[in-house]
Amino acid sequence: MKYSKLAAAIVAAMAFGCAQVFAADVTSGQASTQDTAKSSQDTTTDSSGDTSKNDPKKKAKRLDTVIVSGSLINNAQIQTATPTFTITAKDIEARGFNSVAEVLQNSVFSTGTVPGSQTPGFNQGSQTFSFYGLNPGYTLTLLDGKPITQFGQLYGGVSDFTNIGNIPLSIIDHIDILPGGGSSIYGSQAISGVVNIVTKEHMDGAEVSVRTGNYSHGGGASQRMSLAFGHKFGDLDMLGTLEFDNQSPAWYYQRDLTSAAPRPIIVAAMWDYGVNYSSPTSFQAPPNGCAAISNLFGGTTALVNRSNGSFCGSPKTFSYGTFINKDRSYSGTLKLRYKLNDDVRLYADVLTSWQQQKFTAGIAYNWWGPKDLPGGVIEDANTLHVLSPERFFAPEEVGGNNSNGLVRQNDLMYQGDVGANGKFGESNWNWDAYYLRSGERTTDVSPLHPAAAVDGFFGNILGPVVGVDPSTGYNMYHPNYAAFYSPISTAQYKSFTTNISAKYNTWINNFRGTINNDSLFRLPGGDAGFAWLLESGNQAWYAPVNPMVANGLIWGNTGVSGGGQRDHYASAFELNMPVLSSLTVDLSGRYDRYTVSSGSPNNKFTYKVGLEYRPFSTLLVRGNYATGFIAPDMSSIFLGPSGQFNSVTDYYLCATQGGGQNCSSGYTEGVKINVLPNKKLQPTNSSSFTFGTVWSPIHNLSLSADYLHISINNEIQLQSSDLLMRQESQCRLGQLSPDSAICQGAYGQITRSPFTGQVTNLDLYYVNIANEVTDSVTAEAKYAFNPTRIGTFAVQLDYNGMLKHSYQEYPGSQPINQLTNPLWSTEFKNITTASLSWSWHDTWRSTLYMHRYSPTPNYIAFTYGPSYPGAGSLPPWFLYNLSVGYSPTKDLDFSLMVNNLFNKMPPQDPGYRKSRTFPYFNNYNYNIYGRQIMLQATYRFGGSR
């Protein structure tokens, strides 16, 4: 393809950034693919030598591994049809990011909110990201263009996702983000985009780096040490890295916002519902006050008087959880490249990471009540009052100021490949073949309470069962109330606590062969490129449930279980045609087939058409249309008996007992949800198109803007519990035929208590049912100032705005506008980032980075709806990071990094504290880390630098 120098600079700008682009001497039609994969620290020549660069025959012998995100063809210049956004290792350091997760979560595309270390419950020990507010599983994450196995635990307990929390930072060269559909190249998952984490390829010498960091408010202290080394021994090129990371936990009581509740929360209480629920709910007063347990929660436990009674409480009941995990990890990589002869090169790559995390959701999740007894309550045999005792276990009782309550999670992540690539003689045909194995083993060890032990302990307090109320089925006791309000020793706590393990194992085996030709035939605009691949393999997910959990022997706990394997076959092609000097067409297509035993096979063909048009040398107009898909999650087809607790509204009881009024407030109860698989699921389908432009109106300035539309249909979701409850009510009330398939299904999936008629269990299946649409605009501006006597400056501005995000739960239902309906989503409507960089004589450098989050709904809005009195939005949230670097010699660097420079806490939202909703801020959207200060030293030695 023929380009002017300025047009080539526009293409390079998207890959390398403004400062690098305009300093480069780019010649017409000679952009090197090697440069796109080359590390900024690479000082060696390619493995085939550096002589005779103008000899086409010798040039054809170059056998370097080429990593071109979004394409099968080894030509960097074709990437303009699909927008590609790149962040380099130097950018990552300059902006203060500590992990791959931080890099991607700070991308302007990450408008969705995801759980993590500060969200108790599912996924507290993993990290992921959400592009455009979509499920994290809709974005494909690759490592050097190769797939990464899914995480063993499920996202929110229901779907597959990739954990990026254990990928070492020291091995990364750059990260490419390709928004929109990519299934025609990469297959399943590439609906909202593709993230390609590209690792370092070459190095001559060694580099040692040490980093330490602390938070201004305490907790979360971190240390990192890394070693990278590489050398070329004749025809053997070697690169290796070692990394050690350590981080202390941070606790909620270490931040002012979360250290104490606005008013005391229950430590020990006896809820009183009167005789057969005939009286308003009240608290039965502790007989001797709370003096016996006043030392709990740091001496803050006291008698709390309310208009409906009294209980023992503390403002610190919920403050003993972690929001930053205790984390220790060891990682290593090894890359080998061996030139067998002029036409063949062998290669092998191994990456492994072992990580141990410790965390706790806090005392809020460590309590006892009679929930596994009949009706979830007890009855006083003397007064016939229905009672519900509630007892939270204090950090002094757990031991170690609640450190004995930490969950321990061990992860072993590994990825390795062996392969060969080369040329077919003196032709333009290249080939590459490899075998890949990617896997992850995870073990959770949680201190939990065997039901028999903990019920037995409190049974000694309640006394023996003296009878069963024939009208309700409730157990009757003569409770020892004074004993209930007494402290528990650590030894007693350990007597009803045991470590319960959960194990997860996933892997991918993949064989892939590719042939490509960068000059298949000549067109008016240049040489056409072609590539074709064949792929086969399998993947597995195993999550055997702990027998004690499976048999219901653990108090208040359910588990995810299941496992299986499926086979996968695929073939794909790509054809890139510069039909005119100003117009290039890129076509790609892929066929995928997934098979499982005793289930429906999944077959899918996807395609993509991309156009690049250059009306003149300074302007590029680009666009593409793509189809995509996601094969059914492994969990959705192989899930075993798995459960979770959730709230449902009982429309039938509301209609028969409450006149159909105030159903959501008066007839919503927590029930056990049994999640069941479906081997007949079909793929989730998508289509997307993007249109945009890249313009360089003056030297050193690059502007780009792109519009992206994504439409998803046949989306796999768990059945709607609310829809199922509505259908069951209509069936029982005679509004639907009791003999219909809908009614028979509802009767079979809902279990009611024979005593109270309340729902006790719900069975939900995965089904192809939902639809989703997003529209967004992304813009970027880069400008490099001309060098001055005080240094060189560069600025960059990135923006992503969501124009639409609608979700249709099931056919016929009203689509939900997730940007305006806070009851469904609090995702960000737009995100803006900016950076100002400065350097002086390769000695000093500094970057100021800004991240602006758009306004989000306040507590009242997302709890009660946008029209409720007091509903509104929180102000935008601005965070600033600053880094300063000094290099006294070419081999030694020092860096100071300050994240959250102005120590910003989340925007104030009084609704949380008024409602006493811990942790008193939206912990999916914001964090309470505060200012972090880090120091880093890097030294390079050996080799030819």
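Being a predicted model, the structure only gives us computed values, none of them experimental.

### Quick word on the environment of Val445
Considering the arrangement of structural elements, one finds Val445 in strand β21 (residues 429-448). Here the alpha-carbon distance between Val445 and Ser501, two residues 56 residues apart in the chain, equals 4.3 Å. Contact partners of Val445, with chain neighbours within four places excluded, come to Leu406, Val407, Arg408, Asn499, Ile500 and Ser501.

### Comments concerning empty space enclosed by the protein
For the coordinates displayed, the defined rule picks out 11 cavities of 30 Å³ or more. Reported here for the second largest cavity is a volume of approximately 170 Å³. In this structure, the second largest cavity is lined by 20 residues; those nearest its centre are Gly70, Thr82, Ile185, Asp586 and Lys608. When residues of the lining of the second largest cavity are traced back to their parent elements, those giving at least two are β4 (172-179), α7 (183-186), β27 (583-595) and β28 (602-616). Tallied by class, the residues present in the lining of the second largest cavity amount to 7 nonpolar, 10 polar and 3 charged.

### Things to note about a nonpolar patch on the surface
A surface patch of nonpolar side chains, about 890 Å² in accessible area, is lined by Trp532, Leu534, Phe573, Tyr591, Phe605, Tyr607, Val609, Leu611, Tyr625 and Phe689. Every element with two or more residues in the nonpolar patch is listed here: β25 (526-543) and β28. If one sorts the elements of the nonpolar patch by residue count, β28 sits on top with 4 residues. For Tyr607, the position within the fold is in strand β28.

### Let's talk about the nonpolar core
The biggest cluster of nonpolar side chains holds 50 residues, and the ones touching the most others in it are Val100 and Ile175. Secondary structure elements with two or more residues in this core: β1 (85-88), α6 (100-105), β4, β5 (193-199), β14 (322-324), β33 (701-718), β39 (844-853) and β40 (877-889). The leading source of residues in this core is α6, at 4 residues. Contact partners of Ile175, with chain neighbours within four places excluded, come to Phe85, Thr86, Ile87, Ile92, Val100, Val103, Leu104, Val195, Asn196 and Ile197. Residues Leu296, Val304, Ile488 and Tyr493 belong to the second largest nonpolar core, which totals 43 residues.

### Examining helix α10 (residues 451-462)
Over its 12 residues, α10 runs 15 Å from end to end, which matches the ideal 16 Å to within 8%, given 1.5 Å per residue. Within α10, burial applies to Ala451, Val454, Asp455, Phe457, Phe458, Ile461 and Leu462. Viewed along the axis of α10, the buried residues span an arc of 155°, placing them on a single side of the element. With respect to the buried face of α10, the exposed residues turned more than 90 degrees away are Ala452 and Asn460. Tucked into the core, α10 has its buried residues touching β17 (367-368), β18 (378-380), β19 (385-392), β23 (475-477), α11 (481-484) and α12 (490-495). Count one or two residues on from α10 and you reach Gly463, which has phi positive near 95°.

### Describing the packing of helix α17 (residues 721-732) against helix α18 (residues 741-749)
For the pair α17 and α18, interaxial distance at closest approach is 9 Å and the crossing angle is 115°. The orientation of α17 relative to α18 falls into the category roughly perpendicular. α17 and α18 meet at a crossing whose hand is left-handed. Residues Leu724, Gln727, Glu728, Cys731 and Arg732 of α17 touch α18, and the partners they reach there are Ile742, Cys743, Ala746, Tyr747 and Gln749. Residues that form the contact of α17 with α18 fall into these classes: 6 nonpolar, 2 polar and 2 charged.

### A few points about the state of the cysteines
Cysteine pairs can be linked by a disulfide, which is a covalent bond between their two sulfur atoms. For the structure shown, the criterion picks out 3 disulfides. Two residues, Cys290 and Cys312, share a disulfide whose sulfurs are 2.0 Å apart. Judged by the sign of its S-S torsion, about -95°, the bond between Cys290 and Cys312 is left-handed. With a gap of 22 residues between them, Cys290 in the loop between β11 (282-283) and α8 (296-299) and Cys312 in strand β13 (residues 309-314) connect regions that are remote in the sequence. Side by side, Cys290 and Cys312 carry an identical accessibility label, which is buried.

### Describing the domain arrangement of the protein chain
The accessible area lost on association of the parts is a frequent measure of interface size. Each domain of the protein chain was delimited in the assignment, giving domain 1 (201-254 + 323-355 + 405-445 + 499-653 + 666-941) and domain 2 (265-317 + 367-401 + 450-492). With centres defined by C-alpha atoms, the gap from domain 1 to domain 2 works out at 43 Å. Counting residues at the interface gives 10 residues for domain 1 and 15 residues for domain 2. For the domain 1 and domain 2 pair, buried surface summed over both sides reaches about 1000 Å², with 61% attributable to carbon and sulfur atoms. Taken as a group, Trp555, Phe755 and Arg916 account for 55% of the area that domain 1 buries against domain 2, more than any other trio of residues on that side.

### A look at the environment of Phe638
Counting through the fold element by element, Phe638 comes out in helix α14 (residues 634-638). The buried category is assigned to Phe638, whose relative accessible area is 9%. Each C-alpha atom, one on Phe638 and one on Asn106, is 34 Å from the other, the two residues being 532 residues apart in sequence. Discounting residues that sit within four places of it in the chain, Phe638 has contacts with Trp541, Gly562, Gly563, Gly564, Gln565, Val596, Pro677 and Lys679.

### Some thoughts on the sheet that holds strand β3 (residues 146-147)
Hydrogen bonds between backbone atoms are what pair the strands of a sheet, whose relative direction is either parallel or antiparallel. Here we have 5 strands laid out as an open sheet, ordered β1-β4-β5-β2-β3, and mixed in their pairing. Pairing within the sheet leaves two strands with one partner each, and these edge strands are β1 and β3. As defined by bridge partners, strand β2 (residues 139-143) adjoins β5 across 5 bridges and the pair is classed as parallel. Residue pairing in the sheet places Leu142 in a bridge with Asn196 of β5.

### Things to note about the pairing of β13
Where burial is concerned, most of β13 is hidden: 5 out of the 6 residues are buried. Here strand β10 (residues 265-275) runs beside β13; their pairing, made up of 3 bridges, is antiparallel. Bridge pairing in β13 places Ala268 opposite Cys312. Strand direction decides the pairing type here: strand β12 (residues 302-306) and β13, joined by 5 bridges, are antiparallel. Residue pairing in the sheet places Val304 in a bridge with Phe311 of β13.

### Overview of the pairing of strand β36 (residues 792-808)
Here 14 bridges tie strand β35 (residues 759-784) to β36, and the two strands are oriented antiparallel to one another. Bridge pairing in β36 links Ala784 to Ala794. In this structure, β36 lies alongside strand β38 (residues 830-840), joined through 10 bridges in antiparallel fashion. Note that in β38 the partner of Asp798 across the bridge is Thr833. Relative to strand β37 (residues 816-817), β36 is paired through 2 bridges, and the arrangement is antiparallel.

### Notes on the packing of aromatic side chains
For the structure shown, the criterion picks out 56 aromatic pairs. Residues Tyr252 and Phe323 carry aromatic rings whose centres are separated by 5.4 Å and whose planes lie at 45° to one another, so their mutual orientation is tilted. Taken as a pair, Tyr252 in the loop between β9 (250-251) and β10 and Phe323 in strand β14 lie far apart in primary sequence, 71 residues in all. The pair Tyr252 / Phe323 is uniform in exposure class, with both members buried. Three or more aromatic residues joined by ring pairs make a cluster, and in this case those are Tyr215, Tyr252, Phe318, Phe323, Trp367, Phe392, Trp555, Phe918, Tyr920 and Tyr929. Here Lys146 stacks its cationic end above the ring of Tyr434, 4.9 Å away from the centre of that ring. Positioned above the aromatic ring of Trp555, the side-chain terminus of Lys371 is 5.5 Å from the ring centre.

### Quick look at unusual backbone geometry
With an omega of 5°, the peptide bond running from Phe918 to Pro919 counts as cis. Along the chain, Pro919 falls in the loop between α20 (910-915) and β42 (932-941). In this structure, Arg916 is a non-glycine residue whose phi angle is positive, near 55°. Relative to the helices and strands, Arg916 is located in the loop between α20 and β42.

### Comments concerning the side chain of Asp650
Tracing the backbone shows Asp650 in the loop between β30 (642-649) and α15 (651-657). For Asp650, a relative accessible area of 6% corresponds to the buried category. In this structure the side chain of Asp650 is engaged in a polar contact, spanning 3.2 Å, whose partner is the backbone nitrogen of Tyr652. At 3.1 Å, the side chain of Asp650 forms a polar contact with the backbone nitrogen of Leu653.

Here is what the cut-offs are and how they apply
- Residues numbered from 1 in each chain as written.
- Predicted model: local features only at pLDDT ≥ 70, side-chain atom pairs only at ≥ 80, totals over all residues.
- Heavy atoms only, no water.
- Helix = DSSP H or I, 4+ residues; strand = E, 2+ residues; numbered from the N terminus.
- Contact = heavy atoms within 4.5 Å.
- 1 Å grid on protein atoms, 1.4 Å probe; cavity = no way out; pocket = protein on both sides within 12 Å on 5 of 7 lines; lining within 4 Å.
- Points joined across faces, edges and corners; volume = space filled by probe spheres on them.
- Nonpolar A, V, L, I, M, F, W, Y, C, P; charged D, E, K, R; others polar.
- Patch = residues over 30% accessible without salt bridge, like charges linked within 9 Å, V, L, I, M, F, W, Y side chains within 5 Å.
- Areas by Shrake-Rupley, 256 points an atom, 1.4 Å probe, with all protein chains shown as cover.
- Salt bridge = Lys/Arg side-chain N within 4 Å of Asp/Glu carboxyl O.
- Core = buried A, V, L, I, M, F, W, Y, C linked by side-chain atoms within 4.5 Å.
- Buried < 20%, exposed > 50% of the residue type's maximum accessible area, 1.4 Å probe, protein only.
- Expected span 1.5 Å × (residues − 1).
- Arc of directions from axis to C-beta.
- Axes fitted to C-alpha atoms, helices over the stretch in contact; angles between N-to-C directions.
- Parallel < 35°, antiparallel > 145°, perpendicular 65-115°, else oblique.
- Left-handed = near helix turned anticlockwise from the far one by under 90°.
- Disulfide = S-S within 2.5 Å.
- Domains from an automatic or database assignment.
- Buried area = accessible area lost by both parts, 1.4 Å probe.
- Pairing = 2+ DSSP bridges.
- Phe/Tyr/Trp six-rings, centres within 6.5 Å; stacked < 30°, edge-to-face > 60°.
- Lys NZ or Arg CZ within 6 Å of the ring centre and 35° of its normal.
- Polar contact = N/O pair within 3.5 Å; in protein donor to acceptor, adjacent residues only side chain to side chain.

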